[in-house]
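Architecture and fold: a report
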Amino acid sequence: MENKNIGVEREHWGSRFGFIMAAAGSAIGLGNIWRFPYLAGDNGGAAFIIVYLIAAFLIGFTVMLCEFAIGRAGQQNAIGSFKKLAAGTPWWITGAFGVLAAFLILSFYGVVAGWTMAYVWMTISGSFTGVPADQLPGIFVGFITNPIQPIIWQAIFMVLTVGIVIAGIKGGIEKWSKILMPAIVAILFILMFRGMTLEGGMAGVAFILNPDWSQITGKVILAALGQAFFSLSLGMGTMITYGSYLEKKENMPSSAATVIGLDTGIAILAGFAIFPALFAVGLEPSQGAGLVFMVLPAVFDTIPFGMFFGTIFFLLLAIAALTSAISILEVVVAYVKDEFNIPRATTSVVVGFVIFLLGVTASLSMGAWSHIVIPWPGTEGINLFDFYDNFSAKVLLPLGGLLISLFTVWVWKPENAFREITNEGKLSFAWLPAFKIMAGIIAPIVIVIVLLYGFGVFGAGI
Ligand code: PHE
């Protein structure tokens, strides 16, 4: 399709700091504070963290740099950038997978974000005070299977998300990321200090610092890779879209390394906040996905000033989810607004509403619609919520990452990518040859293995 926006100046980030906060805000989300700690808890603590670091800094760095370069060179949304760089080829489909992934991810992500907001309210209003630990799972399940309440919270969260995206890049996404990201870091430090100073909390620190290598299996390595994609917001064009708002002078390799460093740092800080508190009250770290909602309220009810710490913990989750949700919505909004020339505000409201409706089906599938079962390899069938999650995180994101790295080296060609990455040769990037091998050969091979694994080809799936 021809670009109708020719002549219209594309909005750009106001500062390097603002861009880094926005990109880190996208990366840092429920994936870091909810998913990473329980994955580490289930998969051997420190050993998992080390494998994750390797995956994030090698594969994650490569794909993120490809995305930034494609976006900045194209100066278009996730689909438009491919059309611009490889006109007349079907490679734009890579971006189309990304837009599809954005719909699916934000639909269930908005539901979980709604739960975190409800937990802020429930903690402040004393719903967990004096409640025995064994009743918490019942409270959680009772809440998420309710046909109305979770949807109201999800709606509130989606309104906030749409509100920020309507305000645009500089005035919305960048402005709010600059406020909310430092808040996340401050809250995490308070929680970490609280956890580590609890009597018995050091056992949790030891759990994070002492690797148990015997726990490292193929399954753990692949779980770490899958987590790296989700946590770094890669494979669906988020970083292409954010890259398209970059000025030509930005140093992209150093930005990518900074974003990955911040994302990983926050995930590890979250571990330092959560595990010491768990160990201090004698709970096990391997509690699976319910860790945050079904176990932590009991921890907060036990420790001094727990209601305050519990409230800021769930607030932290909600804020982290918000800065990620705006980046997911922006992928779709940028596409619709660029390609169809519809104003940002109209696009944001309409797209946000459609995603909200899809999210309602995810929320209902926890209770009223739990009879709707979608076939999935390695299972007896999953509900809509798990389907949106699995299909996007295990299929669309790795597939997107694979196509993005292959495109960069084999279609757009390394010389063009290098010219973009080095700012027309003005920037030295010593790892260029290694980057070519990583993006063109190693990352694609590793991703194909993850993809097949996610499909259950090697067994039960991640
Ligand atoms: N990275 C976000 C998190 O860790 C989730 C996300 C995935 C955001 C894909 C954008 C794109 O929670």
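Data block above holds the structure.
No experiment lies behind these values; they were computed from the predicted model shown.

**Quick look at the overall build of the protein**
Helices and strands together make up the secondary structure of the protein, namely 18 helices and zero strands. Taking 2.2 N^0.38 as the reference for a compact globule, 462 residues should give roughly 23 Å; the C-alpha atoms of the protein span a radius of gyration of 21 Å, in line with that estimate. In terms of overall dimensions, the protein has C-alpha extents of about 65 × 45 × 45 Å along its principal axes. The burial tally for the protein puts 60% of its 462 residues in the buried class.

**Some points on unusual backbone geometry**
The backbone of Phe 305 shows a phi angle near 55°, a positive value even though the residue is not glycine. Given the relative accessible area of 67%, Phe 305 is considered exposed. In this structure, Lys 413 takes a positive phi of about 85° despite not being glycine. The residue Lys 413 is located in the loop between α16 (384-411) and α17 (414-421) in this model.

**Looking at the site of the ligand**
The immediate surroundings of the ligand are formed by 15 residues, with Ala 27, Gly 31, Tyr 109, Phe 230 and Ser 233 found nearest. A distance of 3.2 Å separates a nitrogen atom of the ligand from a polar backbone atom of Ser 26. In this structure, Phe 230 approaches the ligand through a main-chain N or O atom, which is 2.8 Å from a nitrogen atom. In isolation the ligand exposes 330 Å². Once the protein is present, 100% of that is buried. When atom positions are compared with the pocket grids, the ligand is found to occupy the largest cavity. The set of elements that each furnish at least two residues to the shell around the ligand consists of α1 (16-27), α2 (30-42), α10 (218-231) and α14 (306-340). Considered class by class, the residues forming the shell around the ligand number six nonpolar, nine polar and no charged.

**Some points on the environment of Gly 41**
Within the secondary structure layout, Gly 41 lies in helix α2. Judged by its relative accessible area of 8%, Gly 41 falls in the buried class.

**Topic: the pattern of salt bridges**
With the rule as written, the count across this model stands at eight salt bridges. Measuring nitrogen to oxygen at the nearest pair gives 2.5 Å for the salt bridge that ties Arg 16 to Glu 250. With Arg 16 in helix α1 and Glu 250 in the loop between α11 (238-243) and α12 (252-280), this residue pair connects regions lying 234 residues apart in the sequence. Among the salt bridges present, the one from Lys 248 reaches Glu 420, with a minimum N-O distance of 3.1 Å. You can see Lys 248 sitting in the loop between α11 and α12 and its partner Glu 420 sitting in helix α17, a full 172 residues away along the chain. Overall, the relative accessible area of 45% leaves Lys 248 in the partly exposed class.

**Some points on the packing of aromatic side chains**
What characterises a pair of aromatic rings is the spacing of the ring centres plus the angle enclosed by the ring planes. Throughout the structure, instances matching the rule amount to 30 aromatic pairs. Ring geometry for Trp 13 versus Tyr 242: centroids 5.1 Å apart, planes at 75°, classification edge-to-face. Of this pair, Trp 13 sits in the segment before α1 while Tyr 242 sits in helix α11, and the two are 229 residues apart along the sequence. Of the two residues, Trp 13 and Tyr 242, both sit in the buried class. When the centroid spacing of 5.1 Å and the interplanar angle of 65° are considered together, the rings of Phe 207 and Phe 275 count as edge-to-face. Of the two residues, Phe 207 is situated in helix α9 (residues 202-209) and Phe 275 in helix α12; the sequence distance between them amounts to 68 residues.

**Description of the nonpolar core**
With 167 residues, the main nonpolar core has Trp 13, Phe 48, Met 64, Trp 115, Phe 293, Phe 313 and Phe 314 as its most contacted residues. By residue number, the principal contributor to this core is α14, which donates 21 residues. Every residue in contact with Phe 48, bar those within four places of it in the chain, is listed here: Phe 36, Leu 39, Ala 40, Asn 43, Ile 216, Val 220, Ala 223 and Ala 224.

**Quick notes on the packing of α2 against helix α3 (residues 46-74)**
Running from N to C, α2 and α3 point in directions that differ by 125°, and their axes come no closer than 7 Å. Comparing the axis directions of α2 and α3 gives the class oblique. Judged by residue contacts, Phe 36, Leu 39 and Ala 40 of α2 engage Phe 48, Ile 49 and Tyr 52 from α3. For the contact of α2 with α3, a count of residues per class yields six nonpolar, no polar and no charged.

Reading the values: rules and limits
- Residues numbered from 1 in each chain as written.
- Predicted model: local features only at pLDDT ≥ 70, side-chain atom pairs only at ≥ 80, totals over all residues.
- Heavy atoms only, no water.
- Helix = DSSP H or I, 4+ residues; strand = E, 2+ residues; numbered from the N terminus.
- Rg over C-alpha atoms; globule rule 2.2 N^0.38 Å.
- Buried < 20%, exposed > 50% of the residue type's maximum accessible area, 1.4 Å probe, protein only.
- Near = heavy atom within 4 Å.
- Polar contact = N/O pair within 3.5 Å; in protein donor to acceptor, adjacent residues only side chain to side chain.
- Areas by Shrake-Rupley, 256 points an atom, 1.4 Å probe, with all protein chains shown as cover.
- 1 Å grid on protein atoms, 1.4 Å probe; cavity = no way out; pocket = protein on both sides within 12 Å on 5 of 7 lines; lining within 4 Å.
- Sits in = over half its atoms within 2 Å of the grid points.
- Nonpolar A, V, L, I, M, F, W, Y, C, P; charged D, E, K, R; others polar.
- Salt bridge = Lys/Arg side-chain N within 4 Å of Asp/Glu carboxyl O.
- Phe/Tyr/Trp six-rings, centres within 6.5 Å; stacked < 30°, edge-to-face > 60°.
- Core = buried A, V, L, I, M, F, W, Y, C linked by side-chain atoms within 4.5 Å.
- Contact = heavy atoms within 4.5 Å.
- Axes fitted to C-alpha atoms, helices over the stretch in contact; angles between N-to-C directions.
- Parallel < 35°, antiparallel > 145°, perpendicular 65-115°, else oblique.

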